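An overview of the molecular structure
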Amino acid sequence: QVQLVESGGGSVQAGGSLRLSCVASGAWFCMGWFRQAPGKEREGVAALVTGSGRTYYHDSAKGRFTISQDNAKNTLYLQMNSLKPEDTAMYYCAADRQICSLAGDNYNYWGQGTQVTVSS
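Our subject in this report is the structure included herewith.

How each quantity is defined
Residues numbered from 1 in each chain as written. Predicted model: local features only at pLDDT ≥ 70, side-chain atom pairs only at ≥ 80, totals over all residues. Heavy atoms only, no water. Helix = DSSP H or I, 4+ residues; strand = E, 2+ residues; numbered from the N terminus. Rg over C-alpha atoms; globule rule 2.2 N^0.38 Å. Phe/Tyr/Trp six-rings, centres within 6.5 Å; stacked < 30°, edge-to-face > 60°. Buried < 20%, exposed > 50% of the residue type's maximum accessible area, 1.4 Å probe, protein only. Lys NZ or Arg CZ within 6 Å of the ring centre and 35° of its normal. Disulfide = S-S within 2.5 Å. Pairing = 2+ DSSP bridges. Axes fitted to C-alpha atoms, helices over the stretch in contact; angles between N-to-C directions. Polar contact = N/O pair within 3.5 Å; in protein donor to acceptor, adjacent residues only side chain to side chain. Contact = heavy atoms within 4.5 Å.

**Regarding the overall build of the chain**
When its secondary structure is counted, the chain shows 0 helices and 11 strands. Each helix (α) and strand (β) of the chain, taken in turn from the N terminus, gives the series β-β-β-β-β-β-β-β-β-β-β. Here the C-alpha atoms of the chain give a radius of gyration of 13 Å, agreeing with the 14 Å that 2.2 N^0.38 yields for 120 residues. On the principal axes, the C-alpha backbone points of the chain span a range of 40 × 30 × 25 Å.

**With respect to the packing of aromatic side chains**
Taken as a whole and assessed by the stated rule, the structure comprises 4 aromatic pairs. Relative to Tyr 107, the ring of Phe 34 has its centre 5.0 Å away and its plane inclined at 75°; by these criteria the two rings are edge-to-face. You can see Phe 34 sitting in strand 4 (residues 30-36) and its partner Tyr 107 sitting in the loop between strand 9 (89-96) and strand 10 (109-110), a full 73 residues away along the chain. Residues Phe 34 and Tyr 107 agree in their burial class; the two are buried. One aromatic cluster in this structure is built from Phe 34, Tyr 107 and Trp 110. Its end group placed over the ring of Trp 28, Arg 97 keeps NZ or CZ at 4.1 Å from the ring centre.

**Let's talk about the state of the cysteines**
The tally for this structure, following the rule as stated, stands at 2 disulfides. With its disulfide-bonded cysteines labelled consecutively along the sequence, the chain is connected as 1-3, 2-4.

**Comments concerning the sheet that holds strand 1 (residues 4-7)**
Two orientations exist for strands paired in a sheet by backbone hydrogen bonds: parallel and antiparallel. One open sheet accounts for 4 strands, arranged 1-3-8-7; its pairing is antiparallel. Pairing within the sheet leaves two strands with one partner each, and these edge strands are strand 1 and strand 7 (65-70). Direction aside, the axes of adjacent strands within the sheet are offset by 15° on average. Taken together, the 4 bridges between strand 1 and strand 3 (residues 18-24) define a ladder with antiparallel strand orientation. Considered in strand 3, the bridge of Glu 6 is made with Cys 22.

**A short note on the side chain of Asp 87**
Here Asp 87 lies in the loop between strand 8 (75-80) and strand 9. A distance of 3.0 Å separates a polar atom in the side chain of Asp 87 from a polar atom in the side chain of Arg 35. A polar contact of 2.8 Å, which involves the side chain of Asp 87, links it to the side chain of Arg 64. If we ignore the near neighbours within four places in the chain, the residues touching Asp 87 are Arg 35, Arg 64, Phe 65, Ser 82, Val 116 and Val 118.

**Looking at unusual backbone geometry**
At Asn 74, a residue that is not glycine, the phi angle is positive and equals roughly 50°. Looking at where Asn 74 falls in the secondary structure, it is placed in the loop between strand 7 and strand 8. With relative accessibility at 40%, the residue Asn 74 sits in the partly exposed group. With phi around 50°, Ser 82 is a residue other than glycine that occupies positive phi space. Tracing the chain through its elements places Ser 82 in the loop between strand 8 and strand 9. By relative accessible area, which is 41% here, Ser 82 ends up partly exposed.

Written out as structure tokens, the structure is:
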């Protein structure tokens, strides 16, 4: 069974930090983080090619967020620093076996999400 389980969301004040985790079953070519706020479209935040470590970031995340992996634990992380109210959203972990990008429709498997709320 394919399973992606996110954790680490919560409520934090602007300027604070959170680290999201995604425990994944199976082997993947690419894993990524996406977010969606109420009334807004889904947005790709960061993605990682598991074999090479190559990373992709949305412009809004560059310099503040870091995507990483722990292969021994089959876990993907998103370290989020200098959080802003506009980062408030449901964050989803996604995985794919063939391609890697920040386009959500390229991913075949998704977790249930973890809520991040940033207050001013």
